[in-house]
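# Coordinates in review
Each chain, letter by letter, is given below.
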Amino acid sequence: MKLTKFDATDELAVANLRVLSAEMIERANSGHPGLPLGAAPMLWALWRGHLRVDPQQPDWFNRDRFVLSAGHGSALLYSLLHVSGFDVTMDDLKHFRQFGSRTPGHPEYGVVDGVEATTGPLGQGLGMAVGMALAETHLAAQLPAGLVDHYTYSLVGDGDLMEGVSHEAASFAGQHQLGKLIVLYDDNAVSLDGPTSRSFQTDVSKRFESYGWETQVVADGNDLAAIDAAIARAKQTPQPSLIAVKTVIGFGAPGAGTNAVHGNPLGQVGMATLRQNLNWTAAPFTVLPAVVKRAQTQIAARGHQVAQAWQQRVSQLPMSTLTTLKRLLNHELPLDFAQQLPSYDEGAEASRMTSHTMIQTLAAKLPELVGGSADLASSNKTTIETDGLMTPAQPANRNLAFGVREFGEGAILNGLALHGGLRVFGSTFLVFSDYLRGAIRLAALQHLPVTYVFTHDSIAVGEDGPTHQPIEQLMSLRLIPNVTVIRPGDPNETIAAWWQSINATDHPTVLVLTRQNLAVLPTTKRLAMTGVARGGYVISPQKGLQPTGILVASGSEVALALQAQAKLAHLGQDVSVVSMPSMELFQQQSAQYQASVLPPQVRRRVAIEMGATLGWERIVGLDGTIVGLDHFGASGAASAVLPAMGFTVSAVVQAYQQTHVERSGQRLAVI
């Protein structure tokens, strides 16, 4: 076990990081000094002695990952990045938490080099670190030896470990024996409102031991050698490791050890006291030359040397392996893949079953495809049939059993995607998307191409009743910025929906799928691929030059709209039917295309969807009508529940006939 030799320069570095972080917060008059002042020694010990990163090549694939799960301590991370030579300037530090700066209040992935994940919503950083460690284990088993061989580190606080998602993620990590995951616990016994004893008495070490983790305790959070030795021991264990480091929140500042120093700038007097207690006399925003030299020689130089050796190893790979590796790292698809997709001429099947077919097609061509379910794979139909379950004994397999841990699943998926080299999907019932909504939001913030397969999409679930029948979930998912929600109406639209998702590079995609059968609809074999890509399209046009009205629907309700169109034709109404699987994609189209699907002058419109109606007025306008649900469903056979809730041909026809159209020109439809 190799240990790091620390000296007076390292103690200076810790003091430098503490003061610099506090100065950033003071200048911004906003931030959280408590964690940086307490945790600076443990992060210096980690970065100085262990972390393999290359500031010159911050995206080097085999780097160690560090996730600051306690993201409110961002000032310390930015200070470390600056001192270590990453592209984080002193000017960046001086503009901490300012509008438009590269150093936002909580770390944001993609804003500045060296930030591996967007953190701040407590607990999710730990979940993402678990995902990164899982990606390392899986890819190490799939690719030639040595190509993927790194550690994932995370710093968590008391708040992280109170959040339920931390329990889900930690249990999963223990199950998978992620030995290259090392978590430093900033154990200061203080949270925002006061001592943790007000709400928290868990024996954290015993808890993690029960999950199958190795645990250690460092009694003095200022003891660099003890922290270093604990990390070195953790690197030798086959299980994930938790190192509880006993720290003093706000060390050196007035109010140290209390919540008073958690989230408020120290003020002029407080900064003076901190400087005095740390024996710090340098001018504000100073990094001592000795500290810079130590960081450059011990952090940057070490990482650069390891990165160069890895690149040399890559350059010697056989051409076929190198081509595959480059494709994975660039998130590219095989060139001829689009021509190999399945299509349907006739028949009927649940869109979850069509999705299952598409997953097999994708898995056959994309070894990087990995996914699973929250203990519902047999119902979500998400199993990759050619592979077994990913386990510690079989880490190269591609099916993940997330267990009944939806939020943990979402956070782990984000970590898998952040790591790179994989295409990931996860699944559960649509109604349970609420449990992982926070993770979906972070996927959108981080521009991650995660696919969510949410089945059992409506009251057609039937006998399971209102607890399992989604109402508000569909529209609420559409409200999350940078998320594409697709609810396909038949097998061909389902194939097209998956194709959109697998081609996404900068946003997550939600696939909303049925348990009940969907018949292949006329024209979709020809129109679905382009139509779904545009979010909405005329699936059945009117007979004349201009429709007298428009029926718009998504998912299983498209078939209902087509039946209503036929009925209305007998009544002398020449309406068109628009399939709108994705509002988001439709609204990204040109005004000209939108007008071709929804002519502005045709204001007699009816939208049909088995979910909340709020939002559809953007499509049907103030004159339109929405056949939807703004109340919960009921338990019973779908054949009884659907007509009782108004989803029949006669109900749609009646809604159309009652649609009020003002012809004064004062109210305009919204497209």
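Residues numbered from 1 in each chain as written. Predicted model: local features only at pLDDT ≥ 70, side-chain atom pairs only at ≥ 80, totals over all residues. Heavy atoms only, no water.

Our working definition: UniProt positions are given in the numbering used here, feature names are shortened, and annotations may be inferred rather than shown by experiment.
By the naming in an unreviewed UniProt entry, the protein is Transketolase, taken from Lactiplantibacillus daowaiensis. Looking at the Catalytic activity (unreviewed entry) heading of the UniProt record, one finds this comment for the protein: "D-sedoheptulose 7-phosphate + D-glyceraldehyde 3-phosphate = aldehydo-D-ribose 5-phosphate + D-xylulose 5-phosphate". Quoted verbatim from the Sequence similarities (unreviewed entry) field of the UniProt record, the comment on the protein reads "Belongs to the transketolase family."

## Some thoughts on the overall build of the protein
Put simply, the test is: Strands are runs of DSSP state E lasting at least 2 residues, helices are runs of H or I lasting at least 4, and numbering of each runs from the N terminus. Think of it in three bands: with a 1.4 Å probe and only protein chains considered, a residue is buried below 20% of the maximum accessible area for its type, exposed above 50%, and partly exposed in between. Whether two residues are in contact is decided by their heavy atoms, any of which lying within 4.5 Å being enough.
A tally of helices and strands in the protein yields 25 helices and 20 strands. Along the first, second and third principal axes, the C-alpha set of the protein runs to 90 × 55 × 45 Å. Going through the 671 residues of the protein one by one, you find that 60% of them count as buried. Sequence-distant contacts, at least 24 apart, represent 78% of the contacts inside the protein between residues at least 6 apart.

## A few points about helix 13 (residues 351-365)
Short version of the rule: By definition here, a helix of n residues has an expected span of 1.5 Å times n minus one.
An ideal rise of 1.5 Å per residue puts 21 Å on 15 residues; helix 13 measures up with 21 Å between its terminal C-alpha atoms. By the criterion of burial, helix 13 is predominantly enclosed, with eleven of the 15 residues buried. Looking at helix 13, one finds that the buried residues are Ser351, Arg352, Thr354, Ser355, His356, Met358, Ile359, Gln360, Thr361, Leu362 and Ala363.

## Things to note about the pairing of strand 12 (residues 451-455)
Convention followed: Strands pair, by our definition, only if DSSP identifies at least two bridges between them. With strands facing away from the observer, any crossover in which the path from the first strand over the helix to the second runs clockwise is taken as right-handed.
Counting buried positions along strand 12 yields five of five residues, so the element is predominantly enclosed. Every second residue of strand 12 is oriented toward a common face, with Thr451, Val453 and Thr455 on one face and Tyr452 and Phe454 on the other, all of them buried. Here strand 11 (residues 423-429) runs beside strand 12; their pairing, made up of five bridges, is parallel. Each bridged residue has a counterpart across the sheet, and for Ser427 the counterpart in strand 12 is Val453. After leaving strand 11, the chain enters helix 16 (residues 437-445) and then returns to the sheet as strand 12, a path that is right-handed.

## Things to note about unusual backbone geometry
The backbone phi angle of Asn279 is positive, close to 55 degrees, even though this residue is not glycine. Secondary-structure assignment places Asn279 in the loop between helix 10 (267-277) and helix 11 (289-315). Non-glycine residue His331 carries a positive phi angle of around 55 degrees. As for its placement among the helices and strands, His331 is situated in the loop between helix 12 (319-329) and strand 8 (348-350).

## Some details on the packing of helix 2 (residues 34-49) against helix 11
The following threshold applies: Lines fitted to the C-alpha atoms define the axes, with helices restricted to the stretch that makes contact. Angles between their N-to-C directions range from 0 to 180 degrees. Relative orientations are named as follows: roughly parallel for angles under 35 degrees, roughly antiparallel for angles over 145 degrees, roughly perpendicular for angles from 65 to 115 degrees, and oblique for any other angle. Basically, the charged four are Asp, Glu, Lys and Arg, the nonpolar ten are Ala, Val, Leu, Ile, Met, Phe, Trp, Tyr, Cys and Pro, and anything else, Gly included, counts as polar.
Close contact between helix 2 and helix 11 brings their axes to 8 Å; oriented N to C, the two are set at 60 degrees. On the basis of their axis angle, the class for helix 2 and helix 11 is oblique. Along the contact surface, helix 2 presents Trp44, Trp47, Arg48 and Gly49, while helix 11 presents Arg294, Ala295, Gln298, Ile299 and Arg302. Residues of the contact of helix 2 with helix 11, tallied by class, amount to four nonpolar, two polar and three charged.

## Notes on the sheet that holds strand 14 (residues 509-512)
Pairing between the strands of a sheet comes from backbone hydrogen bonds, and it takes one of two forms, parallel or antiparallel. A sheet is described by the order of its strands in space; here six strands give the open sequence 10-9-11-12-14-13, paired in parallel fashion. The open sheet has two edge strands, strand 10 (399-401) and strand 13 (484-486), and neither has a second partner. The mean angle between the axes of side-by-side strands here comes to 20 degrees, regardless of whether they run parallel or antiparallel. Of the strand pairs in this sheet, strand 9 (residues 369-373) and strand 10 are connected by three bridges, and their pairing is parallel.

## So, the pattern of salt bridges
We apply this condition: We define a salt bridge as a side-chain nitrogen of Lys or Arg found within 4 Å of a carboxyl oxygen belonging to Asp or Glu.
Enumeration according to the criterion identifies 19 salt bridges in this entry. Put simply, Glu23 and Arg275 hold a salt bridge, and the shortest N to O gap is 2.8 Å. Highlighted residues: Glu23 in helix 1 (residues 8-28) and Arg275 in helix 10, separated in sequence by 252 residues. Classification of Glu23 by relative accessible area gives buried; the value is 6%. Lys180 is paired through a salt bridge with Glu136; the nearest N and O atoms lie 3.4 Å apart. Of the two residues, Lys180 is situated in the loop between helix 7 (164-175) and strand 3 (181-187) and Glu136 in helix 5 (residues 124-142); the sequence distance between them amounts to 44 residues. Salt bridges sharing common partners tie together Asp7, Asp10, Arg48 and Arg294.

## Looking at the sheet that holds strand 19 (residues 605-608)
Strands sit in the order 16-18-17-19-20 across an open sheet of five strands; the sheet is mixed. The open sheet has two edge strands, strand 16 (537-540) and strand 20 (625-627), and neither has a second partner. Each strand axis lies, on average, 30 degrees off the axis of its neighbour in the sheet, ignoring direction. Where strand 17 (residues 549-553) and strand 19 come together, four bridges link them in parallel fashion. Within the sheet, the bridge partner assigned to Ile550 lies in strand 19 and is Arg605.

## Quick look at the packing of helix 5 against helix 15 (residues 406-419)
We count it as follows: What makes a crossing left-handed is the near helix being turned counterclockwise from the far one by less than a right angle; a clockwise turn instead makes it right-handed.
Put simply, helix 5 and helix 15 touch, their axes get as near as 6 Å, and they point 55 degrees apart. Considering their axes alone, helix 5 and helix 15 lie oblique with respect to each other. Where helix 5 crosses over helix 15, the handedness of that crossing is right-handed. Contacts from Gln124, Gly127, Met128, Val130, Gly131, Met132, Leu134, Ala135, Glu136 and Leu139 in helix 5 reach Phe407, Ala411, Ile412, Asn414, Gly415, Leu416, Leu418 and His419 in helix 15.

## What about helix 5?
Along an α-helix, a turn takes 3.6 residues, which lines up residues three or four apart on a common side. A rise of 1.5 Å per residue sets the reference length of helix 5, with its 19 residues, at 27 Å; its end C-alpha atoms lie 27 Å apart and thus fit the reference within 8%. Buried residues dominate helix 5, accounting for 15 of its 19 residues.

## Examining the packing of aromatic side chains
The cut-off we apply is this: For this analysis, a ring pair means two rings from Phe, Tyr or Trp (six-membered ring only for Trp) whose centres lie within 6.5 Å, classed as stacked if their planes differ by under 30 degrees, edge-to-face if by over 60, and tilted for the remaining angles. Only lysine NZ and arginine CZ atoms are considered, and such an atom sits over a ring when it is within 6 Å of the ring centre and within 35 degrees of the ring normal.
Within the structure shown, the criterion is met by 13 aromatic pairs. Ring geometry for Phe208 versus Tyr211: centroids 5.8 Å apart, planes at 75 degrees, classification edge-to-face. Across the pair, Tyr211 and Phe208 agree in class, each one buried. When the centroid spacing of 4.8 Å and the interplanar angle of 85 degrees are considered together, the rings of Phe208 and Trp213 count as edge-to-face. Here Phe208 and Trp213 have matching classes, each one buried. One aromatic cluster is present, built from ring pairs that chain together Trp47, Phe66 and Phe86. In this structure, Lys235 packs its charged tip against the face of Tyr151, placed 5.4 Å from the ring centre.

## Things to note about the UniProt feature "domain: Transketolase-like pyrimidine-binding" (unreviewed entry) in the protein
The sites that UniProt annotates as "domain: Transketolase-like pyrimidine-binding" (unreviewed entry) are residues 349-520. A distance of 8 Å separates the end C-alpha atoms of residues 349-520, which is 35% helix and 19% strand.

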